[in-house]
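Survey of secondary and tertiary structure
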Amino acid sequence: TMTDHKTSKEQKYDRQLRLWGDHGQEALENAHVCLINATATGTEILKNLVLPGIGAFTIVDGHKVSGEDVGNKSLPWWS
């Protein structure tokens, strides 16, 4: 069947490929996003771009992380 021949990329991004096609997925994979100030909202948006396969991202944030920040939801999701 057709589904047996799908690549892992086609399986992973099946919904997106149906929504915006190969050209849209390629544009997403070629995109580079810059997040300035890693707030809770910004990092959540970035996560929602990374999961569907954004190609690259840069985070610019001058805040220092302290011990009190551990467990704080405003920290980036990869902490």
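Residues numbered from 1 in each chain as written. Predicted model: local features only at pLDDT ≥ 70, side-chain atom pairs only at ≥ 80, totals over all residues. Heavy atoms only, no water.

This part takes up helix α3 (residues 40-50). Residues of α3 that are buried include every one of Gly-42, Thr-43 and Leu-46, and no others. Projected down its long axis, α3 shows its buried positions confined to an angular sector of 95°, all on one face. Along its buried surface, α3 packs onto β1 (32-36) and β2 (56-60). (Buried < 20%, exposed > 50% of the residue type's maximum accessible area, 1.4 Å probe, protein only. Helix = DSSP H or I, 4+ residues; strand = E, 2+ residues; numbered from the N terminus. Arc of directions from axis to C-beta. Contact = heavy atoms within 4.5 Å.)

Note: β1 against β2, 5 bridges, orientation parallel. Note on β2: the bridge partner recorded for His-32 is Ala-56. Taken together, β1, α3 and β2 constitute a β-α-β crossover, and its handedness is right-handed. (Pairing = 2+ DSSP bridges. Right-handed = clockwise from strand over helix to strand, strands pointing away.)

Summarising the element assignment, Leu-51 is placed in the loop between α3 and β2. The sequence separation of Leu-51 and Tyr-13 amounts to 38 residues, and the corresponding C-alpha distance is 9.5 Å.

Turning next to helix α2 (residues 14-30). Each α-helix turn comprises 3.6 residues. Residues three or four places apart therefore point the same way. Taking 1.5 Å per residue, 17 residues should reach 24 Å; α2 reaches only 18 Å between its end C-alpha atoms and comes up short. At Gly-21, α2 shows its maximal bend, which comes to roughly 110°. Looking at α2, one finds that the buried residues are Asp-14, Gln-16, Leu-17, Gly-21, Gly-24, Gln-25 and Leu-28. Against the buried residues of α2 lie α1 (8-12). (Expected span 1.5 Å × (residues − 1). Bend = angle between axes of the 7 residues up to and from the residue.)

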